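# Summary of the model geometry
So you can see what is in the structure, the chains are spelled out below.
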Amino acid sequence: MPKSHPILLVEDNPDDQLLTLRALESNNIINQVEVAVDGQEALDYLHRRGEYAGRSDRGPQFVLLDINLPKLSGIEVLREIRSTPRLRHLPVVILTSSKEDRDLIESYNLGVNSYIRKPVDFNQFTELVKQLGFYWLVINEAPEL
Amino acid sequence: MVRNRERDKDESTGRRTAPPTRDASPPEQGAAVRPSHTTLESDYEYYRDVFENSPDMIVSVSAEDKTIIRCNQTVVEVLGFSKDEVIGRPVVDFYARECLADVQLAMQSFTTHGFVRDAHLILRRKDGKTIPVTLNVTAMRDENGKILYSRSIWRDATQGDRIIEESRRRNATLLSANVNLRSRYQSAEVMFRSLFTHAGMGITIVSPAGKILEVNPALEEILGYSSEELRAVSFEDITHPDDIDLDTEFYAELMSGQRTSYRVTKRYYHSTGRLIYARLTVSLIRTPTGDIQHVVGMFEDVTERQEAQLRLQESRRRFELAAEGSADGIWDVNLETGALVASGRMAEMLGLDQDEMPESIEELLDLVHELDREQVEETIGRLREPGRRFSVDCRFRFAGGEYRWRQMRGGIVEVAADESFRMVGVLSDIALRKRTENQLHNLNVQLERRVRQRTRALEQANKELEAFSYSVSHDLRAPLRALDGFSQLLLEDYADALDATGRDFLNRIRGAAQSMGALIDDILRLSRVTRMELTIVNIDLSRMARELAQNLHAQEPDRAIEWKIQPGIAVRGDERLIRIVLTNLLENAMKYSRPRKPAIIEVGMELHEDALRCFVRDNGVGFDHRYAKKLFKAFQRLHNKADFEGSGIGLATVARIINRHGGEVSALSEPDKGAAFYFTLNCEAE
């Protein structure tokens, strides 16, 4: 059974947020999805500071991270996660429009767990989100945060 | 040795035992000229009596085999052999063993001089006893001077020896001096003979009258004639006609005693007809009384030296001609003295009169521009060994303070003749070249500056392009996802509110969004292909084609496609990019052969106009060849979108990649007759 910790979705584009949430929902993934709209907010959530200072829930289970973000880019968020001992083993999946080499290589250099390019075709996207959820929530075992 | 002939005779007479066999009249002056037969006969008898009954033993010895031809009665009596036992035997048989060395010396002396005087030897009698004798030999010659036989006279020295003993007692010193003299004479004789025979120099001994008496082996070899052949001709016969009289004057002076020898180089004809050069030294041997006894000629074959000298002269002449005609100045420095010798042209090239020309290397270097001086001195100074060469450009100061560019080239040579080390070389006028070089240099500097500017501009443009495509890849696709995603959501969530036309519109929106997504991907790929750095490796194109064919076929598994992939196609290129090329071409081939059953798709390599080219061929719908060039430009399509999907960027990408590989791409087709796409790769070009 899917674990009940939340999923962190870092996405600034409201259309993409909505489509992603819809794709998760239509795949019966019922985990709570926390949405951060920029890199800074994502780190605040993970470090339980600022707006998220008092959050008591655990997790997240994994992070869906866009690259092109206001304030701090997805690459910088990933770097911060990997250099923070407590967060170092957190599964991070880059979910982005680009598959430019420099993004791809930089992400892997920083230790990303997966790199997914968002397809234009929504049906394909839905299928992809289904597989992602199934893999990271059901199949994969990760250390507790 | 001096002897008293009278006393010898008396003593011998006293010893005689056998009486004369006939009556003999005493010799009379004039008897020999009396023309009467009787008288001649009695003369013969007389001489025969004298011969037979001479107190001395007389034998005639053949010049050829040294056997005794004749002997007198005294021999028979003294030695105890019969005449038959004596005649025909080698004369050497009659000597005692202990004196054989002396016999040998006497024989050599005879060969050399034609006589033997008072040689002290020992004869062996038939009864084994020995008897000391003095030997005198004279030669009997024919009218040509050839020795016919020798006449040896053995005189019993038993008595003589006694007297010598006394004499020795009386005057030991004198005698010992004489003995020394004799042995020295004999050993000198041996030395002379050996020298004569083994000398490397040709030697001839000629009589004052010009008759060749002796020729040594070296001379035989130099001239190619045996001594017999040489005696038959005269030297004049084999002398080059122009050289015969070269030494006439010297010879006369030699004969008249004005000079003791002379030396001259003459040309002779070798027996093979070849001309040889001989250095001839002519001198005289005189008797103790000063008469001319022999003329000695010594020949040294100097043909090789002479020829080498002629060649040297020739080469020097050529060199001088070249030096005169050369545009370069030629110089030669003696490294020990620093003395400089230069061709006339050299002074001209330095703007100097001949008499102003530097006479040492230091003076020459004084004329070099001070900015170049150090380099020139260092270059020349570095040169230590023969065979090394240098070349240095420098400016020389001319009258009026002007400087002109010259090039000094040279090297060190060891002059074999005097083992000195010299530096020789040339001075060339490089003023024009230097001017051109300067212009070239300036042009290069300008060009480089321009290239740097362009490169900077290009780099800037590249960066902008990269930033542009980055943002395109991120930002341009997001709206498309929204278009497609929300259209889909409309279809799902509000299907009831829409009729078929409404749903069709939504599907068209989705289709447009997706094809724009594909278009963006293609543009990005084309842009990436342009920017990407190539990594050239060996590629097995056949294997790559088989893998791609399998993948592509898997996407349309229901199609009947016959793949003909030639095995073993090896090329060099960037693997990722070549994969893009092949993917594009195979996709095209599949796409345009879709109406065919079966579709036939070939991949191969062939020789075309002396170059290998790869091809992808299909039996599809083909295209009008007139538009082939348009195919490879971005967004150019030859087919209706409704029939064959595609952005029109695939072949532009192929062309761009092949272009970056230094190759060429082309296409051949006719409508409905299939199409062939060709490409060559030439990676070393980039």
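This one's a predicted model, so the numbers in the text were calculated from it and none came from an experiment. (Residues numbered from 1 in each chain as written. Chains lettered and ligands numbered in written order. Predicted model: local features only at pLDDT ≥ 70, side-chain atom pairs only at ≥ 80, totals over all residues. Heavy atoms only, no water.)

## Side note on the overall build of chain B
A count of helices and strands for chain B gives 20 helices and 22 strands. At a minimum sequence separation of 6, the contacts of chain B that also span at least 24 residues come to 51%. As displayed, chain B has an accessible area near 40,900 Å², and 51% of this comes from carbon and sulfur atoms. (Helix = DSSP H or I, 4+ residues; strand = E, 2+ residues; numbered from the N terminus. Contact = heavy atoms within 4.5 Å. Areas by Shrake-Rupley, 256 points an atom, 1.4 Å probe, with all protein chains shown as cover.)

## Remarks on the interface of chain B and chain A
The partner chain A presents 22 residues to the 26 residues of chain B that form the contact. Between chain B and chain A lies a buried interface of about 2,200 Å² when both sides are counted; carbon and sulfur atoms form 47% of it. The largest per-residue losses of area from chain B upon contact with chain A belong to Tyr470, His474 and Arg481 of chain B, which jointly make up 32% of the total buried on that side. Aspartate 521 of chain B is paired through a salt bridge with arginine 117 of chain A; the nearest N and O atoms lie 2.5 Å apart. Here chain B and chain A share 12 residue pairs in polar contact (both at pLDDT 80 or more) between them. Those elements giving two or more residues to the side of chain B that touches chain A turn out to be α15 (431-493) and α16 (500-531) of chain B. The element contributing the most residues to the side of chain B that touches chain A is α15 of chain B, with 17 residues. (Buried area = accessible area lost by both parts, 1.4 Å probe. Salt bridge = Lys/Arg side-chain N within 4 Å of Asp/Glu carboxyl O. Polar contact = N/O pair within 3.5 Å; in protein donor to acceptor, adjacent residues only side chain to side chain.)

## Some remarks on the environment of alanine 478 of chain B
Following the sequence through the fold, alanine 478 of chain B ends up in helix α15. Here alanine 478 of chain B falls in the buried class, since its relative accessible area comes to 11%. A C-alpha to C-alpha distance of 9.5 Å links alanine 478 of chain B and glycine 517 of chain B, two positions 39 residues apart in sequence. Once residues within four sequence positions are removed from consideration, alanine 478 of chain B is found in contact with Asn13, Asp16 and Ser97 of chain A. (Buried < 20%, exposed > 50% of the residue type's maximum accessible area, 1.4 Å probe, protein only.)

## Structural notes on the packing of α16 of chain B against helix α20 (residues 650-660) of chain B
Residue and element names in this part refer to chain B. Where α16 contacts α20, the two axes come as close as 10 Å, and the packing angle between them is 5°. By the angle class used here, α16 and α20 are roughly parallel. Across from Leu526, Val529, Thr530 and Arg531 in α16, the residues of α20 making contact are Ala652, Thr653, Arg656, Ile657 and Arg660. A per-class count over the contact of α16 with α20 returns four nonpolar, two polar and three charged. (Axes fitted to C-alpha atoms, helices over the stretch in contact; angles between N-to-C directions. Parallel < 35°, antiparallel > 145°, perpendicular 65-115°, else oblique. Nonpolar A, V, L, I, M, F, W, Y, C, P; charged D, E, K, R; others polar.)

## Observations concerning the sheet that holds strand β1 (residues 57-62) of chain B
Residues and elements named next belong to chain B. Ordered in space as β2-β1-β5-β4-β3, the five strands form an open sheet in which the pairing is antiparallel. Looking at which strands have only one partner, the edges of the open sheet turn out to be β2 (68-71) and β3 (115-124). Within the sheet, the average angular offset between the axes of one strand and its neighbour, ignoring direction, is 30°. In terms of strand pairing, β1 meets strand β5 (residues 147-156) through six bridges, oriented antiparallel. Paired with serine 60 across the two strands is arginine 151, which belongs to β5. Lying on the sheet, helix α5 (residues 100-113) is in contact with β3, β4 (130-141) and β5; it crosses β3 at an angle near 155°. (Pairing = 2+ DSSP bridges.)

## Points about a nonpolar patch on the surface
Residues and elements named next belong to chain A. Taken together, the side chains of Phe134, Tyr135, Val138 and Ile139 present a nonpolar region at the surface, about 370 Å² in accessible area. Along the polypeptide, valine 138 turns up in helix α5 (residues 122-139). The partly exposed category is assigned to valine 138, whose relative accessible area is 34%. (Patch = residues over 30% accessible without salt bridge, like charges linked within 9 Å, V, L, I, M, F, W, Y side chains within 5 Å.)

## Considerations on the packing of aromatic side chains
The tally for this structure, following the rule as stated, stands at 13 aromatic pairs over all chains. Residues tyrosine 135 of chain A and tryptophan 136 of chain A carry aromatic rings whose centres are separated by 5.0 Å and whose planes lie at 85° to one another, so their mutual orientation is edge-to-face. For tyrosine 135 of chain A, a relative accessible area of 37% translates into the label partly exposed. Here the aromatic rings of tyrosine 95 of chain B and tryptophan 154 of chain B are separated by 5.8 Å at their centres, their planes lie at 90°, and the arrangement is edge-to-face. Residue tyrosine 95 of chain B is found in the loop between α4 (83-86) and α5, and its partner tryptophan 154 of chain B is found in strand β5; the two are separated by 59 residues along the sequence. The residues tyrosine 95 of chain B and tryptophan 154 of chain B share a single accessibility class, namely buried. An aromatic cluster of at least three residues, connected via ring pairs, comprises Phe62, Tyr135 and Trp136 of chain A. Its end group placed over the ring of tyrosine 45 of chain A, arginine 55 of chain A keeps NZ or CZ at 3.6 Å from the ring centre. The aromatic ring of tyrosine 678 of chain B is capped on one face by arginine 613 of chain B, whose charged end is 3.6 Å from the ring centroid. (Phe/Tyr/Trp six-rings, centres within 6.5 Å; stacked < 30°, edge-to-face > 60°. Lys NZ or Arg CZ within 6 Å of the ring centre and 35° of its normal.)

## Focus: the environment of glutamate 214 of chain B
Residue and element names in this part refer to chain B. Among the structural elements, glutamate 214 can be located in strand β7 (residues 212-215). Given a relative accessible area of 17%, glutamate 214 falls into the buried group. Distance in space between the C-alpha atoms of glutamate 214 and threonine 112 is 9.1 Å, their sequence separation being 102 residues. Apart from residues no more than four positions distant in its own chain, glutamate 214 is found in contact with Thr111, Arg193, Phe196, Ile203, Thr204, Ile205 and Arg231.

## Digging into the pattern of salt bridges
Oppositely charged side chains are able to pair whenever their charged atoms sit close together. All chains considered together, the criterion is met by 49 salt bridges over all chains. Its salt-bridge partner being lysine 118 of chain A, residue glutamate 11 of chain A comes within 2.7 Å of it at the nearest N-O pair. One end of the pair, glutamate 11 of chain A, is in the loop between β1 (7-10) and α1 (14-26); the other, lysine 118 of chain A, is in the loop between β5 (114-117) and α5, and 107 residues separate them in sequence. In this structure, the salt-bridge partner of arginine 422 of chain B is aspartate 332 of chain B, at a minimum N-O distance of 2.9 Å. Remark: aspartate 332 of chain B occurs in strand β11 (residues 329-334) and arginine 422 of chain B occurs in strand β15 (residues 420-429); sequence separation between them is 90 residues. Salt bridges sharing partners connect three or more residues here, namely Glu11, Asp16 and Lys118 of chain A together with Arg481 of chain B.

## Comments concerning the sheet that holds β5 of chain A
All names here are of chain A. What the five strands build is an open sheet, ordered β2-β1-β3-β4-β5; its pairing is parallel. Whereas interior strands pair on both sides, the edge strands pair on one side only; in this sheet they are β2 (33-36) and β5. Adjacent strand axes in the sheet meet at a mean angle of 20° when their direction is disregarded. The sheet contact formed by β1 and β2 spans four bridges and is parallel. What sits directly across from isoleucine 7, in β2, is valine 33.

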